[in-house]
Amino acid sequence: FFKQKTAYEISACRVGSERCIRDSHDISMKLGLSDSESMVMYMLYDIQEPLTQSDIVKATGLSKQTLNSAIRKLEKEGIIILEKLNEKSKKIVMTDKGQVLIEQKMKPLVDMEDRVLASWTEEDRRKYLELIEKFKVQFEKEVKAYDKRK
């Protein structure tokens, strides 16, 4: 059960939580990364395999433009490289420098999240995931209803 959802999937469901968004931003700043750069690095660490930009857009809800800016900055800094996957896609691959950065910055963050979740009972973790999913579904309905009113 504990690994049914990754820490990233859990945090990605927190779209409506002002406090979590603010905390996430503060953590990104402490890591010396923008929010979008932090999301990219977090996903690469959490998934442990190269991803496409499309994978990240789908999982995070970042706009293509925002993600592209983050990718370009990380690429310029030598943290990632883009390798051609097919005619339409490139995969995002960590460089050695990126692997060091992930071990220094993302691993401690994920370890903190894992310790918090591990300190809870299985029932508490299950309830937490259920409530996050319930919130996400209802929030998506509210957004769709809002869009229809516009």
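Note that the coordinates shown come from a computational prediction; the quantities given were computed from them, not determined experimentally.

About the cut-offs
- Residues numbered from 1 in each chain as written.
- Predicted model: local features only at pLDDT ≥ 70, side-chain atom pairs only at ≥ 80, totals over all residues.
- Heavy atoms only, no water.
- Axes fitted to C-alpha atoms, helices over the stretch in contact; angles between N-to-C directions.
- Helix = DSSP H or I, 4+ residues; strand = E, 2+ residues; numbered from the N terminus.
- Parallel < 35°, antiparallel > 145°, perpendicular 65-115°, else oblique.
- Contact = heavy atoms within 4.5 Å.
- Nonpolar A, V, L, I, M, F, W, Y, C, P; charged D, E, K, R; others polar.
- Phe/Tyr/Trp six-rings, centres within 6.5 Å; stacked < 30°, edge-to-face > 60°.
- Buried < 20%, exposed > 50% of the residue type's maximum accessible area, 1.4 Å probe, protein only.

Trainee: Give a description of the packing of helix H3 (residues 35–47) against helix H6 (residues 96–118) that names residues and reports values.
Mentor: Contact geometry of H3 with H6 gives a least axis separation of 9 Å together with a crossing angle of 85 degrees. The orientation of H3 with respect to H6, classified from their angle, is roughly perpendicular. Every residue of H6 that contacts H3 at Ser38, Met41, Tyr42, Leu44 and Tyr45 is listed here: Gly98, Leu101, Ile102, Glu103, Met106, Lys107, Leu109, Val110 and Glu113. Split by residue class, the contact of H3 with H6 holds nine nonpolar, two polar and three charged.

Trainee: Could you give an account of the packing of aromatic side chains, with specific residues and numbers?
Mentor: Per the stated rule, a full pass over the model turns up two aromatic pairs. Here the aromatic rings of Trp120 and Tyr128 are separated by 5.0 Å at their centres, their planes lie at 80 degrees, and the arrangement is edge-to-face. The class for Trp120 is partly exposed, based on a relative accessible area of 29%. Tyr128 sits in the partly exposed class, given a relative accessible area of 23%. Residues Phe135 and Phe139 carry aromatic rings whose centres are separated by 5.6 Å and whose planes lie at 15 degrees to one another, so their mutual orientation is stacked. Here Phe139 and Phe135 lie together in helix H7 (residues 122–149), a separation of four residues that amounts to about one turn.

Trainee: Just give me the short version of the side chain of Thr52, but keep the residues and values in it.
Mentor: Structurally, Thr52 is set in strand E1 (residues 51–52). Take Thr52: its relative accessible area is 11%, and that puts it in the buried class. Among all residues touching Thr52, those that are not within four sequence positions of it are Leu85, Ser89, Lys90, Lys91 and Ile92.

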